[in-house]
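# Results of the structural survey
One-letter residues, chain by chain:
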Amino acid sequence: MIDPFGRTISYLRVSVTDRCDFRCTYCMAENMTFLPKRDLLSLEELERLCNAFIDKGVRKLRLTGGEPLVRKNVMHLIEALGRRVSDGALDELTMTTNGSQLHRYATALHDAGMRRINVSLDTLDPDKFHAITRWGDFGKVMEGLDAAQAAGLKVKLNAVALSGVNDHEIPDLIRFAHGRGMDLTLIEAMPLGEVDQDRSSHYLPLSKLRGDLGREFTLEDIPLDTGGPARYARVTETGGRIGFITPLSHNFCASCNRVRLTCTGMLYMCLGQDDNADFRKVLRENPDDDGVLKAAIDAAIARKPKEHNFELDETHSRIAVSRHMSVTGG
């Protein structure tokens, strides 16, 4: 699949649910209204659509949410997609999770063919963790990390850098992650959906944070390409890697290789644009015709825009799109 700007689209992110057992302050409002079940694709519909994308050239597939592991019977989908890895059609099946359910599912994920996962963790302070996530249990996430590594899953931690919230903790997060053999990726907060606070008050450009880290660590840029938007450096003092995802201060649109599917079957060709293609309609009107489905994929890729519309700095925040991060899955 080649988009209008010559980029090969080989990476599909699939939000299997908009629901989450956390309410992270930068991601969603505390009192969220979630989608009714009838609006969601069934697991069988998600599998059919994922298989069509794999047949069209997707080589990496990431399951997201909300929190993907809170969807009932989600392991049926994971096991089915894992078989596409074992038959060589898919290079990698992976997941982004908040870690709350990993103590229950880590071994099953590995058995299904998953080999690495991303876990969101913004602080090592249990009280601050609860304040950021509102509903999160820090101890359960730590138990989940232990279970994931014991099961043989390679873990990468993701942390959203928030000025005045966790910026002074980033060195400790680096030492924690690298001390356990995990990479750490830092992410700028993105203006997706209305939340209960002004994001601009906590926006932290990673260029500034990297300069601050440079006073404590030696950071050496490395040409690592994991198929995602992060730019990586090696930390001399720990021997580990740190990634920087900068959608605002230094966007990565020129190398974008992905599209995003929601749990309702809407395909977003860009995280920071509202244009989408309705695959729920295509699936349900053509239950036995994958040719129509694949033609719809081609038409959607032909509409992929050049870049996003994010705008956020320390003084103001403009909501680029109205949907919350939990809808599109990041």
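Above: the structure in question.
Residues numbered from 1 in each chain as written. Predicted model: local features only at pLDDT ≥ 70, side-chain atom pairs only at ≥ 80, totals over all residues. Heavy atoms only, no water.

### Section: the overall build of the protein
The test is simple: Secondary structure counts use DSSP, requiring at least four H or I residues in a row for a helix and at least two E residues in a row for a strand, with both numbered from the N terminus. Relative accessible area decides the class of each residue, using a 1.4 Å probe on protein chains only: under 20% of the type maximum gives buried, over 50% gives exposed, and in between gives partly exposed. The contact definition used throughout considers only heavy atoms, calling two residues in contact when any of these lie within 4.5 Å. Accessibility throughout is a Shrake-Rupley quantity obtained with a 1.4 Å probe, and a residue counts as covered only by protein chains that appear here.
Helix and strand content of the protein: 10 helices and 14 strands. Burial analysis of the protein (330 residues in total) assigns 57% to the buried set. At a minimum sequence separation of 6, the contacts of the protein that also span at least 24 residues come to 73%. Carbon and sulfur atoms make up 49% of the accessible area of the protein, which totals about 13500 Å².

### A word on helix α6 (residues 170-179)
Selection criterion: As used here, the arc is the angular range of directions from the helix axis to the C-beta atoms.
Those residues of α6 that sit buried are Ile170, Pro171, Leu173, Ile174, Ala177 and His178. The buried residues of α6 all sit within an arc of 160° when viewed along its axis, so they share a single face. Next to the buried residues of α6 lie β5 (154-161), β6 (183-188), α7 (206-213), β8 (231-235) and β9 (241-245).

### Here's the deal with the sheet that holds strand β12 (residues 276-278)
Short version of the rule: Paired strands, as defined in this entry, are two strands with at least two bridges between them according to DSSP. An axis is simply a line fitted to the C-alpha atoms; with a helix, the fit covers only the stretch in contact. Between two such axes, the angle follows the N-to-C directions and lies from 0 to 180 degrees.
Read from one edge to the other, the open sheet built from 12 strands follows the order β7-β8-β9-β6-β5-β4-β3-β2-β1-β10-β11-β12, with strand pairing classed as mixed. Strands with a single pairing partner mark the edges of an open sheet, and in this sheet they are β7 (219-222) and β12. Recorded for the sheet is a direction-independent mean angle of 25° between the axes of neighbouring strands. One ladder, built from four bridges, connects strand β1 (residues 11-15) with strand β10 (residues 258-261); its direction is parallel. The partner of Val14 across the bridge, within β10, is Leu261. Strand contacts of α6: β5, β6, β8 and β9, with the helix running at about 150° to β6, the strand carrying the most contacts.

### Notes on the pairing of strand β2 (residues 60-64)
For the record, the criterion: If the strands point away from the viewer and the path from the first strand over the helix to the second runs clockwise, then the crossover is right-handed.
By the criterion of burial, β2 is predominantly enclosed, with five of the five residues buried. Covered by surrounding structure in β2 are Lys60, Arg62 and Thr64 together with Leu61 and Leu63, the residues of both alternating faces. With five bridges joining them, β1 and β2 adopt parallel strand pairing. Within β2, the position partnered with Ser15 by the bridge is Thr64. Each parallel crossover has a hand, and for β1 linked through helix α1 (residues 43-55) to β2 it is right-handed. Alignment of β2 against strand β3 (residues 92-97), held across four bridges, turns out to be parallel. In the sheet register, Lys60 faces β3, and the bridge partner there is Glu92. Remark: the β2/helix α2 (residues 74-86)/β3 crossover connection has right-handed handedness.

### Comments concerning the pairing of β5
With seven of its eight residues buried, β5 lies for the most part within the structure. Where strand β4 (residues 116-120) meets β5, five bridges bridge the pair, whose relative direction is parallel. Bridge pairing links Ser120 to Asn158 in β5. Pairing analysis gives six bridges linking β5 to β6, with the strands arranged parallel. Bridge pairing in β6 links Ala159 to Leu186.

### A short note on the packing of helix α3 (residues 102-111) against helix α5 (residues 138-150)
Rules: Between 65 and 115 degrees an angle is taken as roughly perpendicular, under 35 as roughly parallel, over 145 as roughly antiparallel, and anywhere else as oblique. Crossing handedness: left-handed means the near helix sits turned counterclockwise from the far one by under a right angle, and right-handed means the same turn made clockwise. Residues are grouped as follows: Ala, Val, Leu, Ile, Met, Phe, Trp, Tyr, Cys and Pro are nonpolar; Asp, Glu, Lys and Arg are charged; all remaining types, including Gly, are polar.
Viewed as axis vectors pointing N to C, α3 and α5 meet at an angle of 15°, and their least axial separation amounts to 8 Å. In terms of orientation, α3 and α5 fall into the roughly parallel class. Relative to α5, the crossing made by α3 is right-handed. Side by side, α3 and α5 meet where Leu102, His103 and Ala106 of the first sit next to Lys140, Glu143, Gly144, Ala147 and Ala148 of the second. Partitioning the contact of α3 with α5 into residue classes produces four nonpolar, two polar and two charged.

### Here's the deal with the environment of Pro229
Within the secondary structure layout, Pro229 lies in the loop between β7 and β8. Note: C-alpha distance between Pro229 and Asn257 (28 residues apart in sequence) is 9.2 Å.

### Observations concerning the environment of Asp55
Rules: Here a polar contact is recorded for every N or O atom pair within 3.5 Å, except that within protein the pair must consist of a potential hydrogen donor and a potential acceptor, and residues adjacent in sequence are included only if both atoms are side-chain atoms.
Within the secondary structure, Asp55 is located in helix α1. Note on Asp55: relative accessible area 46%, which makes it partly exposed. Sequence-wise, Asp55 and Leu90 are 35 residues apart; in three dimensions their C-alpha atoms are separated by 9.2 Å. Here Arg84 takes part through its side chain, which lies 3.5 Å from a polar atom of the side chain of Asp55. Only 3.3 Å separates the side chain of Asp55 from the side chain of Lys294, close enough to count as a polar contact.

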